[in-house]
Amino acid sequence: MSKRIAFASGSEHKLKEVRSLIEPLGYSVISPKDLGINFNPVESETTFLGNSFIKSRALYKLSGLPSFADDSGICVEALDGRPGVYSARFGEPSFTDKERANYLLYLLGTNSNRSAFYSCVITYVNGNVEKSFEGKVSGQITSDYDEMGKYGFGYDPVFYYPPFGKRFSEVPETEKNKVSHRAIAMNQFIDWLKT
């Protein structure tokens, strides 16, 4: 019988990634949708850590299940760390992922400093314990949007990862999941879960 653990996300991309990492440990990863919960807590904090805890605490309260959440985004040096915690809602509310990525390129313009990093903070709450884990991966923002790459999502088509010599959108998920910010944080979380 697998142990149930709730993941505070409605993103099918994230759910798939997380299930592939956690379910082999004998856990069944349940989403708010699986539980029939309308889940949309207000992310009012200014840090990934703060927003992640808002989500994991809220889901624990609603579900009674050990709950974990992630908050992640891309931080661009030349934009003073923006979009940061606003990555998923950068620019206009109506923007698609592609429009957000192109808006980022527009704001950067011809700036020669293209340094950026993805950050992910995972928090876990079960009523007795609250834990957090962080992963980061550094790279460069490209000068154009990758129309050809068939992998990744969000800002992956504009994020170049030097060790691969490719953008994240050009790398199969199995490869990306070995080095991504979420994978780093997840691996710390998984190592902790195993104990």
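These numbers were taken from a predicted model, which means no experiment stands behind them. (Residues numbered from 1 in each chain as written. Predicted model: local features only at pLDDT ≥ 70, side-chain atom pairs only at ≥ 80, totals over all residues. Heavy atoms only, no water.)

**What about the pairing of strand β5 (residues 130–141)?**
Turning to step 1, where the next piece is worked out: Here eleven bridges tie strand β4 (residues 115–125) to β5, and the two strands are oriented antiparallel to one another. The partner of Ile122 across the bridge, within β5, is Phe133.
Turning to step 2, where the next piece is worked out: Two successive antiparallel strands, β4 and β5, enclose a turn made up of four residues, where Gly127 displays a positive phi of approximately 95 degrees.
Turning to step 3, where the next piece is worked out: Where β5 lies against strand β6 (residues 159–161), two bridges are found, and the strand directions are antiparallel. Bridge pairing links Ile141 to Phe159 in β6. (Pairing = 2+ DSSP bridges. Helix = DSSP H or I, 4+ residues; strand = E, 2+ residues; numbered from the N terminus.)

**Regarding the sheet that holds strand β2 (residues 27–30)**
Turning to step 1, where the next piece is worked out: With mixed pairing, the seven strands of this open sheet are ordered in space as β2-β1-β3-β4-β5-β6-β7. This sheet does not close on itself; its edge strands, each paired only once, are β2 and β7 (166–167).
Turning to step 2, where the next piece is worked out: As paired strands, strand β1 (residues 3–7) and β2 are joined by four bridges and run parallel to one another. Across the sheet, residue Lys3 finds its bridge partner in β2, namely Tyr27.
Turning to step 3, where the next piece is worked out: Sheet strands touched by helix α1 (residues 12–22): β1, β2 and β3 (67–76). Its angle to β2, the strand with the most contacts, is close to 170 degrees. (Contact = heavy atoms within 4.5 Å. Axes fitted to C-alpha atoms, helices over the stretch in contact; angles between N-to-C directions.)

Honestly, that's just the spatial picture; any functional story needs more than this.
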